[in-house]
Amino acid sequence: MTSAAWTADWQHNWDPEVGLWWTEGPGHTIAVRDCAVLHPGRESSLRLVQAALLGQLDQIEVERVLGALREMQVTAPGKHQGCFRWYWEEPEPVDTNAAFFTTINLLALQLCFREALEERSLALLDTMLTDVQVWFAHAVEERTFYYPNKYLGDLVCAWLLLEALNKQDGDQALAETMLEAADYWRGHGWGWGEHMSDTYSWVCLQELSLLLLFAKRLPEAVRETYRGLLGDLLAIEDAFDGGVRVPAIRSYAFARSPRHVNYRDRVRPWDGTGPVADRGPALENLFAQHGWHDLASARAPARRSVTVPCFGGAVAIAHNEPDLRLGSVSRYPVMPKAEHDTWGLCWQSFPVCFWRPGGDWGFLQWEVEANGRVGAHPSSGTFFTSYGNAALALGVQPPIFGRTWAIQWEGNLVALRILPAIDSRWERACDRLRVVEPHAQASEGGEGIWRQLVLTYPEREVSVQAVPL
């Protein structure tokens, strides 16, 4: 859709041969990186919920869509049993997070709109949910607490599937795991630190909202604990109200200035306007109909100074002014073992950064070059080109990544940056300040090894000084 206000044109991008809606490529996994057209299951499953919200399920081929999604699900015994592929074009699941991203939509459909489905469609839906429960039973056992949006999604789907399928076995063991995971997130800074991600905190808030609004058998201790997690994330949303989180752990704002809307303002009845008006109704519109604002904690005012605990005693610190906000992580990576040669967090995190509402997204960035390939942390490419190809040095174990230590007091920040290893294949390696969408008047100065960059804005100057050691 290209119009400013989304309209329910169900034939737009509909592929009757596949039974799904298509999007323009590329895809983010290697198998579909060269595809010009793709059929993502997550988006098509959401379309079913959108149609249900608008009372227009009779205008789409529901059984055809569910049948195509069923074909994207692994039914054979094995490590992927029950999981969904992300894209129709993939030969097998690659990004297995497709399981919870797709299932969340299917659960919303089953829990809220079951009566609107015809018998054959309902049978297909129940069959998919029965099979995907196998996947989530194994996923919960993996206990990947450090990966919040993924593991929270696994827990939420596992619990709601017990209720949706009217199964009693496993309640107690799953409830105990849910409490253990919550203790970890609260006691260890959300593991990887996705509470400092505008993108993945939104995913976590959506998962928590779905659980708390629609779970009927949830033990009171679990309900209150997870309502507390919802309040914890909303408190961070409120602290940064009116803008993005700084610093940012897991962001894809590599070449554009990021934007963010407080999650509270996403949860509203659908009226064709609002934060997601260009994409149609969202689960948040469903939440608004089911009393989400009675569930949520009271809104707090934005804060000028913000300190957020992270893993292992590290802290994220931000100083927010109306025209500019500056943030840093006291130690990054907060969890070094999260870095690998094909994946990790350094390629998608901004441990020292500043942001202005009108643009001007500035951040420190490592960049290296070898044989025509440029590697950067955070990435210089896109999510699609960087996923699985994010290392500074390819094929090096242990992986090479830069380290940052920062001390910040209000708008003053000192950062120590160290690249602890050098790949002999590198032709160039540097640490730099990159500013995306700049609007400042810039001037440079310095002598010897000391350099200074001054960015002048109408409200203030930002002075950046570098002393190579």
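Presented here is a report on the structure given in the accompanying data block. (Residues numbered from 1 in each chain as written. Predicted model: local features only at pLDDT ≥ 70, side-chain atom pairs only at ≥ 80, totals over all residues. Heavy atoms only, no water.)

Check the secondary structure of the protein chain and you find 12 helices and 19 strands. By the compact-globule yardstick of 23 Å for 469 residues, the protein chain fits well, its C-alpha radius of gyration being 23 Å. Counting only C-alpha atoms and orienting by the principal axes, one finds that the protein chain spans roughly 75 × 50 × 45 Å. By the burial criterion, 54% of the 469 residues in the protein chain qualify as buried. Residue pairs at least 24 apart in sequence account for 65% of intrachain contacts in the protein chain once pairs closer than 6 positions are excluded. For the protein chain, the computed accessible surface area is about 20300 Å², with 52% contributed by carbon and sulfur atoms. (Helix = DSSP H or I, 4+ residues; strand = E, 2+ residues; numbered from the N terminus. Rg over C-alpha atoms; globule rule 2.2 N^0.38 Å. Buried < 20%, exposed > 50% of the residue type's maximum accessible area, 1.4 Å probe, protein only. Contact = heavy atoms within 4.5 Å. Areas by Shrake-Rupley, 256 points an atom, 1.4 Å probe, with all protein chains shown as cover.)

It is worth spelling out the sheet that holds strand E15 (residues 412-418) at this point. The strand order across the open sheet formed by 3 strands is E9-E14-E15, and the pairing between neighbours is antiparallel. In the strand order of this sheet, the two ends are held by strand E9 (331-332) and E15, each with one partner. Across 7 bridges, strand E14 (residues 403-409) lies against E15 in antiparallel orientation. In the sheet register, alanine 406 faces E15, and the bridge partner there is alanine 415. (Pairing = 2+ DSSP bridges.)

Two faces, one strand: in a regular strand the side chains alternate between the faces of the sheet. Most of strand E11 (residues 352-356) sits out of view: 5 of its 5 residues are buried. Of the two faces of E11, the one carrying Val352, Phe354 and Arg356 and the one carrying Cys353 and Trp355 are both buried. As paired elements, strand E8 (residues 325-329) and E11 share 4 bridges and run antiparallel to each other. For arginine 325, the partnering residue across the bridge sits in E11 and is tryptophan 355. Connecting E11 to the next strand, strand E12 (residues 359-370), in antiparallel fashion are 2 residues.

With that settled, consider the sheet that holds strand E18 (residues 450-456). Spatial ordering of the open sheet is given by E17-E18-E19, a layout of 3 strands whose pairing is antiparallel. Either end of the sheet is taken by a strand with one partner, and the two such strands are strand E17 (441-447) and strand E19 (461-466). Strand-to-strand twist in this sheet, taken as the mean axis angle between neighbours without regard to direction, amounts to 15 degrees. With 6 bridges connecting them, E18 and E19 associate as antiparallel partners. Looking at the pairing, arginine 451 lines up with alanine 466 of E19. (Axes fitted to C-alpha atoms, helices over the stretch in contact; angles between N-to-C directions.)

Let's shift gears to the environment of tryptophan 10. Along the polypeptide, tryptophan 10 turns up in the segment before strand E1 (14-15). Classification of tryptophan 10 by relative accessible area gives buried; the value is 4%. The spatial distance from the C-alpha of tryptophan 10 to the C-alpha of tryptophan 22 is 12 Å, given a sequence separation of 12 residues. When sequence neighbours within four positions are dropped, the list of residues in contact with tryptophan 10 reads Trp21, Arg47, Gln50, Ala51, Leu54, Gln56, Gln59 and Ile60.

This brings us to the pairing of strand E6 (residues 305-309). Of the two faces of E6, the one holding Val306 and Val308 is buried and the one holding Ser305, Thr307 and Pro309 is not buried anywhere. With 5 bridges joining them, E6 and strand E7 (residues 315-320) adopt antiparallel strand pairing. Bridge pairing in E7 links serine 305 to histidine 319. Where E6 folds back on E7, the antiparallel hairpin that results is connected by 5 residues, among which glycine 312 adopts a positive phi of roughly 65 degrees.

Moving on: the packing of helix H1 (residues 41-53) against helix H2 (residues 62-71). The N-to-C vectors of H1 and H2 enclose an angle of 150 degrees; their axes lie 10 Å apart at closest approach. By the angle between their axes, H1 is roughly antiparallel relative to H2. Like other packed secondary-structure pairs, H1 and H2 cross with a definite hand, here left-handed. Across the interface between the two elements, Gly41, Ser44, Ser45 and Leu48 of H1 pack against Val62, Val65, Leu66 and Leu69 of H2. By residue class, the composition of the contact of H1 with H2 is 5 nonpolar, 3 polar and no charged. (Parallel < 35°, antiparallel > 145°, perpendicular 65-115°, else oblique. Left-handed = near helix turned anticlockwise from the far one by under 90°. Nonpolar A, V, L, I, M, F, W, Y, C, P; charged D, E, K, R; others polar.)

Applying the stated rule across the entire model yields 25 aromatic pairs. With 6.4 Å between their ring centres and 25 degrees between their planes, tryptophan 347 and phenylalanine 383 make a pair best called stacked. Here tryptophan 347, found in the loop between E9 and strand E10 (349-350), pairs with phenylalanine 383, found in helix H12 (residues 383-386); they are 36 residues apart in sequence, far enough to count as distant. Look at tryptophan 347 and you get buried, because its relative accessible area is 5%. For the pair phenylalanine 383 and phenylalanine 384, a centre-to-centre distance of 5.7 Å together with 75 degrees between the ring planes defines the contact as edge-to-face. Given a relative accessible area of 33%, phenylalanine 384 falls into the partly exposed group. Feature note: the residues Tyr200, Tyr252, Phe254, Trp347, Phe350, Trp361, Phe363, Phe383, Phe384 and Tyr387 constitute an aromatic cluster, connected by ring pairs. One Lys or Arg, arginine 85, reaches over the ring of tryptophan 88 and ends 6.0 Å from the middle of that ring. (Phe/Tyr/Trp six-rings, centres within 6.5 Å; stacked < 30°, edge-to-face > 60°. Lys NZ or Arg CZ within 6 Å of the ring centre and 35° of its normal.)

Geometric descriptors of this kind do not, in isolation, establish any biological role.
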